[in-house]
Amino acid sequence: MQTRKLGYTDLHLTTVGLGTWAIGGGGWAYGWGPQDDAESIAAIRRALDLGINWIDTAAVYGLGHSEEIVGQAIAGRRDQVILATKCGLVWDKGGRSGASLPPPPYGRLKAESVRREVEASLRRLNVEVIDLYQIHWPDPDADIEEAWGVIADLIREGKVRYGGVCNFSVEQIKRVQAIHPVASLQPPYSMLRRGIEKDLLPYCAANNIGVIVYSPMQAGLLTGKFSKERVANLPADDWRRQNSYFQEPALSANLALVEKLRPIAGRHGRTVAQLAIAWVLRRPEVTAAIVGARRPSQIEETAPASDWVLSAEDIAEIDALLAERDRALA
């Protein structure tokens, strides 16, 4: 499996990493519906067996549950995995039970909160050090320097190896860079969401900041597995029901795009999901893509995208299809 160096660090990531948002399960504001923990653990272990060497999680996924599952799955295999997790989204106690969902998580970046979060993450993951500790969202914006200063301290104390940011603008990255080097940015990036190409990717390349992109398959839309019927039947506590990409008029345009991508993938003996991942990896500024999986079969399908280099002809054909979609939605 291909690897790329993460920014200025000594971490070499496989170009496909395992994302664990969905394995946090349902019962919270940004859940993905019911999830079987045994399948989650099997998916994580299968990813490691396939040669994937890093896992991305977050304290807030499943309100702590995803980190606990990751910790169980990597027990005895810590030396095989680079662990990335996140801080900055907290929740009121009350758990995930009851007829109604608990209140949504909210941003908190005060120093004492970040310190509490890192200790809780270390405990749930059952590890002594976190390889990449990221601010999940720049919220509240006024406190990003305070949180970043704590992460710099945690690096000096040996609890964290490197610090990264997620969902930051160029200006926000500049503000925290003045305090401590930024190892990585984690932004959204897919065929349907290309905003980072204009400013963020060039800035990260110029400043030796790694880029690990999330949602390359746009929460499943670009896997070729969705239809209008499946969207309509998503569980009540699946956040995608409220997402604009899964609602009209975008849904019809997105599904039409997927049908036009099928022949491109098919002539290479590949799947649409693999094409979506290979497309984000075509950019040299992108270190790796976070690919979610809820069961072993999903990561078995997507992991081979790591070594697929798209031809110039494939890229041009996809560009034309994306322009066609944009015109349809204009």
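Residues numbered from 1 in each chain as written. Predicted model: local features only at pLDDT ≥ 70, side-chain atom pairs only at ≥ 80, totals over all residues. Heavy atoms only, no water.

## Describing the overall build of the chain
This is how it is decided: Runs of H or I in DSSP of at least four residues are treated as helices and runs of E of at least two as strands, each being numbered from the N terminus. Each radius of gyration reported is based on C-alpha atoms, and the globular scaling rule is 2.2 Å times the count of residues to the power 0.38. Throughout, exposure labels follow a simple rule: accessible area from a 1.4 Å probe, protein chains only, divided by the maximum for the residue type, with under 20% read as buried, over 50% as exposed, and the rest as partly exposed. We call two residues contacting when some pair of their heavy atoms lies within 4.5 Å. Using the Shrake-Rupley algorithm and a 1.4 Å probe, accessible areas are obtained, with residue cover drawn only from the displayed protein chains. In this tally Asp and Glu are treated as negative and Lys and Arg as positive; neither His nor the chain ends contributes. Charge coordinates come from a single atom per side chain, which is NZ of Lys, CZ of Arg, CG of Asp or CD of Glu.
Assigned secondary structure in the chain consists of 11 helices and 12 strands. Relative to its length of 330 residues, the chain is compact, with a C-alpha radius of gyration of 19 Å against a globular reference of 20 Å. In the chain, which comprises 330 residues, the share counted as buried stands at 57%. Restricting the contact set of the chain to residue pairs at least 6 apart, pairs at least 24 apart contribute 77%. Per element, the accessible surface of the chain, about 13400 Å² overall, is 51% carbon and sulfur. Once the 38 positive and 40 negative side-chain charges of the chain are each reduced to a mean point, those two points are 1 Å apart.

## Topic: the sheet that holds strand S3 (residues 16-19)
Spelled out, the test is: Strands qualify as paired when DSSP identifies two bridges or more between them. Think of each axis as a best-fit line through the C-alpha atoms, taken over the contacting stretch in the case of a helix, with angles from 0 to 180 degrees between the N-to-C directions.
As summarised here, the arrangement of the eight strands in space is S3-S4-S5-S8-S9-S10-S11-S12, forming a closed barrel in which the pairing is parallel. Direction aside, the axes of adjacent strands within the sheet are offset by 30 degrees on average. Sheet contacts for helix H4 (residues 144-157): strand S5 (82-87), strand S8 (130-135) and strand S9 (160-166); angle to S9, the most-contacted strand, approximately 160 degrees.

## A closer look at unusual backbone geometry
Of the consecutive residues Asp 139 and Pro 140, the connecting peptide bond is found in the cis state with omega at 0 degrees. Residue placement: Pro 140 occurs in the loop between S8 and H4. Backbone geometry at Asn 167 places phi at a positive 65 degrees, although glycine is not the residue there. With respect to the secondary-structure elements, Asn 167 resides in the loop between S9 and helix H5 (170-177). Non-glycine residue Ala 219 carries a positive phi angle of around 55 degrees.

## Things to note about the pattern of salt bridges
Where we set the bar: For this analysis, a salt bridge means a side-chain nitrogen from Lys or Arg found within 4 Å of a carboxyl oxygen belonging to Asp or Glu.
Considering all chains together, one arrives at 30 salt bridges under this definition. Of the charged contacts, one joins Arg 77 and Asp 49 as a salt bridge, the two residues approaching to 2.8 Å between their closest N and O atoms. Here the residue Arg 77 occupies a position in the loop between helix H2 (65-73) and S5, and Asp 49 occupies one in helix H1 (residues 37-49), the gap between them amounting to 28 residues. Taking relative accessible area as the criterion, Arg 77 reaches 17% and is therefore assigned buried. For Asp 141, the salt bridge goes to Arg 175, with nearest N and O atoms at 2.9 Å. Pair noted here: Asp 141 is in the loop between S8 and H4 and Arg 175 is in helix H5, with a separation of 34 residues, a long-range link.

## Here we look at H1
Here is the rule: Every helix has an expected span of 1.5 Å times one less than the residues it contains.
Taking 1.5 Å per residue, 13 residues should reach 18 Å; H1 reaches 18 Å between its end C-alpha atoms and fits that length. Packing partners of the buried residues in H1 comprise S3, strand S4 (54-56), H2 and helix H10 (296-302). Directly beyond the C-terminal end of H1, a positive phi value near 105 degrees is found at Gly 51.

## Observations regarding the side chain of Thr 9
Note the following rule: Polar contact criterion, stated in full: a pair of N or O atoms within 3.5 Å, where within protein one must be able to donate a hydrogen and the other to accept it, and residues adjacent in sequence count only if both atoms are side-chain atoms.
Its location among the elements puts Thr 9 in the loop between strand S1 (3-5) and strand S2 (12-14). In this structure the side chain of Thr 9 is engaged in a polar contact, spanning 3.0 Å, whose partner is the backbone nitrogen of Leu 11. For Thr 9, the contacting residues outside a window of four places in its chain are Tyr 162 and Ala 183.

## A few points about the packing of helix H8 (residues 250-266) against helix H11 (residues 312-329)
Our working rule: Geometric relationships in this document are graded by angle, where less than 35 degrees denotes roughly parallel, more than 145 denotes roughly antiparallel, 65 to 115 denotes roughly perpendicular, and other angles denote oblique. Left-handed describes a crossing whose near helix is turned anticlockwise from the far helix through less than a right angle; right-handed describes the clockwise counterpart. Side-chain classes follow a simple rule in which Ala, Val, Leu, Ile, Met, Phe, Trp, Tyr, Cys and Pro form the nonpolar group, Asp, Glu, Lys and Arg form the charged group, and the remainder, Gly included, forms the polar group.
Contact pair H8 / H11: the axes reach a minimum separation of 10 Å and the direction vectors enclose 160 degrees. By the angle between their directions, the pair H8 and H11 is classed as roughly antiparallel. As H8 packs across H11, the resulting crossing turns out to be right-handed. Seen from H8, the contacting residues are Ala 250, Ala 253, Asn 254, Leu 257, Lys 260, Leu 261 and Ile 264; seen from H11, they are Asp 314, Glu 317, Ile 318, Leu 321, Leu 322, Glu 324, Arg 325 and Leu 329. Class assignment of the residues belonging to the contact of H8 with H11 gives a composition of nine nonpolar, one polar and five charged.

## So, the nonpolar core
In globular proteins that are soluble, nonpolar side chains generally tend to be buried together. Put simply, the test is: We call a set of buried residues a nonpolar core when its members are Ala, Val, Leu, Ile, Met, Phe, Trp, Tyr or Cys and they connect through side-chain atoms within 4.5 Å of each other.
Membership of the largest hydrophobic core comes to 91 residues, with the highest contact counts inside it found for Ile 44, Ile 74, Tyr 133, Ile 173, Leu 261, Leu 275 and Ile 318. For this core, the leading source of residues is helix H9 (residues 272-281), giving nine residues. Apart from residues lying up to four places away in sequence, Tyr 133 is in contact with Thr 85, Lys 86, Cys 87, Val 114, Glu 117, Val 118, Ile 151, Leu 154, Val 160, Tyr 162, Gly 163 and Gly 164. Ranked by size, the runner-up nonpolar core spans 13 residues in total, among them Leu 132, Ala 183, Ala 288 and Ile 290.

## Comments concerning the side chain of Asp 56
With respect to the secondary-structure elements, Asp 56 resides in strand S4. Residue Asp 56 is classed as buried on the basis of its relative accessible area, which comes to 2%. Within polar-contact distance, the side chain of Asp 56 engages the side chain of Gln 134 at 3.3 Å. If we ignore the near neighbours within four places in the chain, the residues touching Asp 56 are Leu 18, Gly 19, Thr 20, Tyr 61, Ala 84, Lys 86, Gln 134, Gln 186 and Ile 290.

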